[in-house]
Amino acid sequence: MDIENLISGLSPWTARLITGIVIFLMTFIVVKVAEGIVNKLAERGGSTLPSGTIFRNIIRVTLWLIGLSMILSNCFGIDAMSIVAALGVGGIAISLGFQDTLSNLIGGLQVSLGKLVQPGEYIETGSAAGLVKDVTWRHTLLVDIDGNRYLIPNALINKNTIVHLSDIRDVDIDLLVPSGSDLGALAEQVVEHATRAAGQVATIAGKGVRMLWEGTAYGGTRGTLRVSVARSSCSDPRMLRDRVFRAIEDDLATAARPSQAGPGS
């Protein structure tokens with residue numbers, strides 16, 4: 001006995017139930033396969049597919065809607081298109097009620113497909129700055145250095161200026177050393193000790209650690225100790241400044257200490 005004869009021997013409701021379960025399982029498998037393919041394509045270098053979840057969610061919803069329409073058509077004899085047409089003015093009212101949602105959805109597609117913003121990038125938009133974690137169908141998720149989460153509507157992302165921040169962060173420490181100090185020797189010591197201290201809490205990157213002298217002020221020489229680190233490794237610049245300053249504190253104290261040599265020595 002083949003499958004057709006087996007199904008024909010069942011009651012109409014049983015046959016519809018089996019057909020619905022089969023369509024549901026096939027849709028589930030197709031959705032999982034499609035998600036896997038999209039994920040691999042998005043992770044591939046140079047891919048044109050966005051890496052945010054918005055594109056995957058749209059594909060997932062579209063496939064499930066197709067599966068649902070097939071279940072309605074084959075099991076209940078209901079044409080899904082006729083339902084959409086029957087909505088008429090009610091559908092227009094619903095679309096107006098979801099105007100902000102649609103605006104954010106379209107904005108998210110523009111942001112993702114245009115690759116204006118991608119997960120893993122550091123951006124600044126409006127008053128928020130941080131790491132892009134995800135672009136969903138409604139908002140873009142940013143996480144700043146303090147761990148604060150910003151849910152920015154995609155429509156605002158499209159309207160505001162987007163600044164793509166470098167992967168390298170410069171952390172500056174302003175210094176003032178007494179006039180007459182050996183700037184060359186002091187800079188060498190400060191850079192050596194600062195590099196060792198900064199490397200314990202962050203990844204040195206770019207031009208590394210360097211001393212920039214800016215001129216005289218208040219009877220001393222003003223300078224900036226600039227520490228360049230990978231932005232992903234520096235979650236708290238304040239802690240980095242504290243660690244570096246503690247490491248160079250003795251060097252600065254030595255430079256400020258008056259000479260003990262007497263006249264004629």
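Quick summary incoming for the structure in this document. (Residues numbered from 1 in each chain as written. Predicted model: local features only at pLDDT ≥ 70, side-chain atom pairs only at ≥ 80, totals over all residues. Heavy atoms only, no water.)

**Focus: the sheet that holds strand 6 (residues 168–178)**
Note the following rule: Note on pairing: two strands pair once DSSP finds at least 2 bridges between them. By definition, any uninterrupted DSSP run of H or I lasting at least four residues is a helix, any uninterrupted run of E lasting at least two residues is a strand, and each is numbered from the N terminus. Angles run from 0 to 180 degrees between N-to-C directions of axes, and those axes are lines fitted to C-alpha atoms, restricted for helices to the stretch in contact.
Read from one edge of the open sheet, three strands run 6-8-7, paired in antiparallel fashion. A single partner strand is all that each edge strand has here, and the edge strands are strand 6 and strand 7 (204–217). Taking the axes of each pair of neighbouring strands and ignoring which way they run, one obtains an average angle of 15 degrees across the sheet. Strand direction decides the pairing type here: strand 7 and strand 8 (residues 220–230), joined by nine bridges, are antiparallel.

**A few points about the packing of helix 3 (residues 53–76) against helix 6 (residues 99–113)**
Heads up, the condition is: For classification purposes, an angle smaller than 35 degrees is called roughly parallel, one larger than 145 roughly antiparallel, one from 65 to 115 roughly perpendicular, and anything else oblique. Handedness of a helix crossing follows the sense of rotation of the near helix relative to the far helix, less than a right angle counterclockwise being left-handed and clockwise being right-handed. Any two residues whose heavy atoms approach within 4.5 Å are treated as being in contact. Note on residue categories: nonpolar means Ala, Val, Leu, Ile, Met, Phe, Trp, Tyr, Cys or Pro, charged means Asp, Glu, Lys or Arg, and polar means any other residue, Gly included.
Running from N to C, helix 3 and helix 6 cross one another at 120 degrees; their axes reach a closest spacing of 9 Å. Comparing their axes, helix 6 and helix 3 come out oblique. Helix-helix and strand crossings are classified by hand; for helix 3 and helix 6 the assignment is left-handed. Listed contacts from helix 6 to Ile 54, Phe 55 and Ile 58 of helix 3 are Leu 105, Gly 108, Leu 109, Ser 112 and Leu 113. Class assignment of the residues belonging to the contact of helix 3 with helix 6 gives a composition of six nonpolar, two polar and no charged.

**Focus on a nonpolar patch on the surface**
What counts here: Two distance rules govern patches: like charges are joined within 9 Å, and nonpolar side chains (Val, Leu, Ile, Met, Phe, Trp, Tyr) within 5 Å, applied only to residues with over 30% relative accessible area and no salt bridge. Accessibility throughout is a Shrake-Rupley quantity obtained with a 1.4 Å probe, and a residue counts as covered only by protein chains that appear here. By salt bridge we mean one thing: a side-chain nitrogen of Lys or Arg within 4 Å of a carboxyl oxygen of Asp or Glu.
The grouping of Leu 17, Ile 21, Phe 24, Leu 25, Phe 28, Ile 29, Val 33, Ile 37 and Leu 41 at the surface amounts to a nonpolar patch, some 820 Å² of accessible area in total. Structurally, the position occupied by Phe 28 is in helix 2 (residues 12–43).

**Looking at the packing of aromatic side chains**
For clarity, the threshold we go by: Stacked, edge-to-face and tilted labels apply to pairs of Phe, Tyr and Trp rings (six-membered ring for Trp) whose centres lie within 6.5 Å, assigned for plane angles under 30 degrees, over 60, and everything in between, in that order. Burial classification: accessible surface area is computed with a 1.4 Å probe over protein chains only, and a residue below 20% of its type maximum counts as buried, one above 50% as exposed, and the rest as partly exposed.
Applying the stated criterion across every chain yields a total of one aromatic pair. Look at Phe 24 and Trp 64: their rings are 5.3 Å apart centre to centre, the planes differ by 40 degrees, and that puts the pair in the tilted class. With a gap of 40 residues between them, Phe 24 in helix 2 and Trp 64 in helix 3 connect regions that are remote in the sequence. Given the relative accessible area of 43%, Phe 24 is considered partly exposed. A residue is classified by how much of its surface remains accessible, and Trp 64, at 27% relative accessible area, is partly exposed.

**What to know about the pairing of strand 4 (residues 149–153)**
The pairing of strand 3 (residues 139–143) with strand 4 spans five bridges and is classified as antiparallel. Residue pairing in the sheet places Leu 142 in a bridge with Tyr 150 of strand 4. Once strand 3 ends, the chain turns through five residues before running back antiparallel as strand 4, passing Gly 147 with a positive phi of about 85 degrees.

**What about the nonpolar core?**
What counts here: Each nonpolar core is a collection of buried residues, namely Ala, Val, Leu, Ile, Met, Phe, Trp, Tyr and Cys, held together in the definition by side-chain atoms within 4.5 Å.
In this structure, Leu 175, Leu 225, Val 227, Leu 240, Val 244 and Ile 248 are the most contacted members of the largest nonpolar core, which totals 20 residues. Where this core is concerned, the elements lending two or more residues are strand 6, helix 8 (183–198), strand 7, strand 8 and helix 9 (237–256). Broken down by element, the residue count for this core peaks at five residues, all from helix 8. Excluding its chain neighbours within four sequence positions, the residues that come into contact with Leu 240 are Val 171, Ala 198, Val 201, Val 227, Val 229 and Cys 234. If you look at the next biggest cluster of nonpolar residues, it comprises 10 residues, including Ile 54, Val 117, Val 132 and Ile 152.

Remember, this is a structural readout, not a statement about activity or role.
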